[in-house]
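Overview (structure and organization)
As a plain string of letters, each chain reads:
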Amino acid sequence: MSREIRITPSILNADFSQLDNEIKRIADVSDLVHLDVMDDVFVPNFTFDFEAAAAIIATSVLPVDAHLMVANVDEIAVQYAEIGCSSVTIHAEATRDIPQTLKNIRTAGSRSSLGIKPNTDISDYEHVIDDVDMFLIMTVEPGFGGQSFMHEMMDKVRRTRILIGDRPIWLQVDGGISMKTIEYALDAGADTFVVGSAVFNAPDPAAMVVSIRQFATSHGSK
Ligand code: DX5
Ligand code: ZN
């Protein structure tokens, strides 16, 4: 089996006082940078408002994979696409009109992505598959970095891989991914890996990204 692997480090556990530099540290070895936007409503944590996120996106040396953990995301999601994010993830639980918002994200020039929390079933969203460029299966409850990987999500990842079939849709997992856990997500069919604390708590974040990619690539080609 050969599958293209993407590593998208999350800067949630990086040094927020110098995010430009933190992104530069992993830029040469990463596919995109994963930006966790939290509003303290949809999740019990706050990271950036739109203005602060836009400043990061404007100067990022890596394409930005925006993960919007905000309530009533329909309108703001399109604004994230308009300011140049490579991909924009909306949560199914936070979106009023999912197909229309996914279409709007694409029209504004970004990859459209639908994320679901651990208690949300993928089968409820099969009908929007033609509007999706990526599915994000949360492998922790969204809100914080450094939580334990939920092995019980692997059945959902497997079912999503089957649902995707031959379509060129990326399948991302987010939460608790590390050298110890990535193999389970790989085996279940994920191809795009958010890695937060395992990268930014490592002594050398770029070396950790390289190690994770090497492991994933060799594991995937078995
Ligand atoms: C959690 C965020 C994740 C987080 C992952 O709600 O969506 O992107 O940064 O961090 P780790 O890899 O530490 O679980
Ligand atoms: Zn995330």
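Structure: see above.
Everything numeric in this text was worked out from a predicted model, so none of it was measured.

1. Digging into the overall build of the protein chain
Within the protein chain, the secondary structure is distributed over eight helices and eight strands. The globule rule puts the C-alpha radius of gyration for 222 residues at 17 Å, and the 16 Å found for the protein chain is close to it. Expressed along its principal axes, the backbone C-alpha trace of the protein chain runs to roughly 40 × 40 × 30 Å. In the protein chain, which comprises 222 residues, the share counted as buried stands at 56%. Put simply, of all contacts in the protein chain between residues at least 6 apart along the chain, 64% involve residues at least 24 apart. Accessible area for the protein chain stands at about 9300 Å²; split by element, carbon and sulfur atoms hold 49% of it. Seen as two clouds, the 17 positive and the 32 negative side-chain charges of the protein chain have centres 6 Å apart.

2. Looking at the sheet that holds strand β5 (residues 111–116)
Taken together, eight strands build an open sheet; the order of strands is β1-β8-β7-β6-β5-β4-β3-β2 and the sheet is parallel. Each end of this open sheet is capped by a strand with a single partner; those strands are β1 (6–9) and β2 (33–38). With strand direction ignored, the average angle separating the axes of adjacent strands in the sheet is 25 degrees. Direction of pairing for strand β3 (residues 64–69) relative to strand β4 (residues 87–91): parallel, over a ladder of three bridges. When the bridges of β4 are listed, H67 appears paired with T89. Where helix α3 (residues 74–82) meets the sheet, its contacts fall on β2, β3 and β4, and the angle it forms with β4 comes to roughly 170 degrees.

3. What to know about the packing of aromatic side chains
Aromatic rings in a pair are described by how distant their centres are and how their planes are angled relative to each other. Evaluation of the coordinates by the stated rule reveals two aromatic pairs. Aromatic side chains F16 and F48 sit 5.2 Å apart centroid to centroid with 15 degrees between the ring planes, which places their arrangement in the stacked category. One end of the pair, F16, is in the loop between β1 and α1 (19–27); the other, F48, is in the loop between β2 and α2 (50–59), and 32 residues separate them in sequence. According to the relative accessible area criterion, F16 is partly exposed, its value standing at 35%. With a centroid separation of 5.0 Å and 90 degrees between ring planes, the pair formed by F50 and Y80 is classed as edge-to-face. Of this pair, F50 sits in helix α2 while Y80 sits in helix α3; the two residues are 30 residues apart in sequence, bridging distant segments of the chain. Among the residues examined, F50 registers a relative accessible area of 24% and is labelled partly exposed. Between the NZ or CZ atom of R111 and the centre of the ring of W170, over which it lies, the distance is 3.6 Å. Looking at K117, its charged tip hangs above the ring of F42, at a distance of 5.0 Å from the centre.

Criteria and thresholds
- Throughout this document, residue positions are counted from 1 along each chain, in the order its sequence is written.
- Here chains are named by letter from A upward and ligands by number from 1 upward, in the order in which they appear as written.
- Given that this is a predicted model, residues contribute local features only at a pLDDT of at least 70 and side-chain atom pairs are listed and counted only at 80 or more, while totals for whole chains, interfaces and linings are drawn from all residues.
- The side-chain values count all of the structure's non-hydrogen atoms but skip hydrogen atoms and water molecules.
- Runs of H or I in DSSP of at least four residues are treated as helices and runs of E of at least two as strands, each being numbered from the N terminus.
- When we talk radius of gyration, it's over C-alpha atoms, and the globule rule is simply 2.2 Å times the number of residues to the 0.38.
- In this scheme, a residue with accessible area under 20% of its type's maximum is buried, one over 50% is exposed, and one in between is partly exposed, where area comes from a 1.4 Å probe on protein chains only.
- Contacts are residue-level and defined by heavy atoms, with any inter-residue pair within 4.5 Å sufficient.
- Areas reported as accessible are Shrake-Rupley estimates using a 1.4 Å probe. Residue values count occlusion only from the protein chains shown.
- When charges are counted, Lys and Arg are positive and Asp and Glu negative, with His and the chain ends excluded.
- By convention, the charge on Lys lies at NZ, on Arg at CZ, on Asp at CG and on Glu at CD.
- At least two DSSP bridges between two strands are needed for those strands to be called paired.
- Interaxial angle, 0 to 180 degrees, is taken between N-to-C directions of lines fitted to C-alpha atoms, where a helix line uses only the stretch in contact.
- Pairs were defined over the aromatic rings of Phe, Tyr and Trp, the Trp ring being its six-membered one, requiring ring centres within 6.5 Å. Orientation was assigned from the angle between planes: stacked under 30 degrees, edge-to-face over 60, tilted for the rest.
- In our convention, an over-ring charge means Lys NZ or Arg CZ found within 6 Å of a ring centre and within 35 degrees of that ring's normal.

Geometric descriptors of this kind do not, in isolation, establish any biological role.
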